[in-house]
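Descriptive analysis of the structure
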Amino acid sequence: MLKSARKGLYPFFYTSLLILFSLPSGSFADVVITELLAAPGTDWSGDGTIDWRDDEWVEIANRGDSAVDLIDYWVSDELDDSPIRYRFSGMLEPGEVAWVTGQEARAWQLEMGLGGAGLSLRNTSGEVVLYHDIGDSVALADVIVYETYQVDYERALGRHPLDSENWMLFDGLNLYHGSQEPGSTGCLPSPGVINDCGDVSSSGLDWGNLKGLYGLPDS
Ligand SMILES: [Ca+2]
Ligand SMILES: [Ca+2]
């Protein structure tokens, strides 16, 4: 119901996107999606409760060489319909990351009169799309299409290294034992921090370390 209502709100995106998809790649921004977690089991938002909607998150980074005003960037969970889920704000310096939780997205939506769906990341096959407003037009900045196993419970999917198009599992909180690629790394999700999987091995992980890292209770 919410989705169909938004279709009426954003029909102009179809037209804008069709035009801008044909632009040369040099027109695309240096800000890209770097990590996402769609099925949370941790209080990532830090509000004291674990919530399937509020604790989802999406991370972006500026891999260009100049600061970017994020007010022109917004995220959606659908490439075709593209309801706006959250508009970023503030300056992002080169090499810096920013991230948004479902809770922050929902608060922004309520303020803007756009409902309160949060980031609305599907726990099965889905996508995260980053758009870049340029004047009156909308450009596709980045999109990641993911498979169900990649976003299983507490499993993050992340770009690594930053300057690549390589995506890998950050499944240290819920190891993947299947044979699909990308496979298990045992590395931990890292919202708000540049992705790094170089110095953490799956054999070196234990729950004590994880609890300490995230401040989780011992129980
Ligand atoms: Ca979800
Ligand atoms: Ca990260």
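Below or above, wherever it landed, is the structure these notes cover. (Residues numbered from 1 in each chain as written. Chains lettered and ligands numbered in written order. Predicted model: local features only at pLDDT ≥ 70, side-chain atom pairs only at ≥ 80, totals over all residues. Heavy atoms only, no water.)

Some points on the coordination of the calcium ion (ligand 1)
Of the protein atoms, only Ala 38 (O), Glu 56 (OE), Leu 121 (O) and Asn 123 (OD1) coordinate the calcium ion (ligand 1), at distances of 2.1 to 2.4 Å. Site description for the calcium ion (ligand 1): donor spacing in sequence, A-x17-E-x64-L-x1-N. Accessibility expressed as a relative area gives 41% for Asn 123, which makes it partly exposed. (Donors = N, O, S within 2.8 Å, 3.2 Å for Na, K, Ca; no water. Buried < 20%, exposed > 50% of the residue type's maximum accessible area, 1.4 Å probe, protein only.)

Some remarks on the packing of aromatic side chains
Considering all chains together, one arrives at six aromatic pairs under this definition. Here Tyr 86 and Trp 108 contribute two aromatic rings whose centre-to-centre distance is 6.0 Å and whose plane-to-plane angle is 70°, an arrangement assigned as edge-to-face. Here Tyr 86 is found in strand β5 (residues 86–87), whereas its partner Trp 108 is found in helix α3 (residues 102–112), with 22 residues between them in sequence. Judged by relative accessible area, which is 14%, Tyr 86 ranks as buried. For Trp 108, a relative accessible area of 14% corresponds to the buried category. Measuring from ring centre to ring centre gives 4.4 Å for Tyr 149 and Tyr 176, while their planes differ by 35°; the resulting arrangement is tilted. On the criterion of sequence distance, the pair formed by Tyr 149 in the loop between β9 (137–146) and β10 (156–159) and Tyr 176 in the loop between β11 (167–170) and α4 (207–214) is long-range, its members being 27 residues apart. Residues Tyr 149 and Tyr 176 agree in their burial class; the two are buried. Put simply, the rings of Trp 44, Trp 57 and Trp 99 touch in pairs and so form one group of aromatic residues. (Phe/Tyr/Trp six-rings, centres within 6.5 Å; stacked < 30°, edge-to-face > 60°. Helix = DSSP H or I, 4+ residues; strand = E, 2+ residues; numbered from the N terminus.)

Quick word on the nonpolar core
Among the nonpolar cores identified, the biggest contains 37 residues, and Leu 36, Val 58, Leu 70, Phe 88, Val 128, Leu 130 and Tyr 146 are the most heavily contacted of them. Elements with a minimum of two residues in this core: β1 (31–37), β2 (57–62), β4 (73–76), β7 (97–101), α3, β8 (126–134), β9 and β11. Sort the elements by how many residues they give to this core and β9 lands first, with five residues. Setting aside its immediate chain neighbours within four residues, Val 58 contacts Ile 33, Glu 35, Leu 36, Val 75, Ala 98, Trp 99, Val 100, Leu 119, Leu 121 and Val 128. (Core = buried A, V, L, I, M, F, W, Y, C linked by side-chain atoms within 4.5 Å. Contact = heavy atoms within 4.5 Å.)

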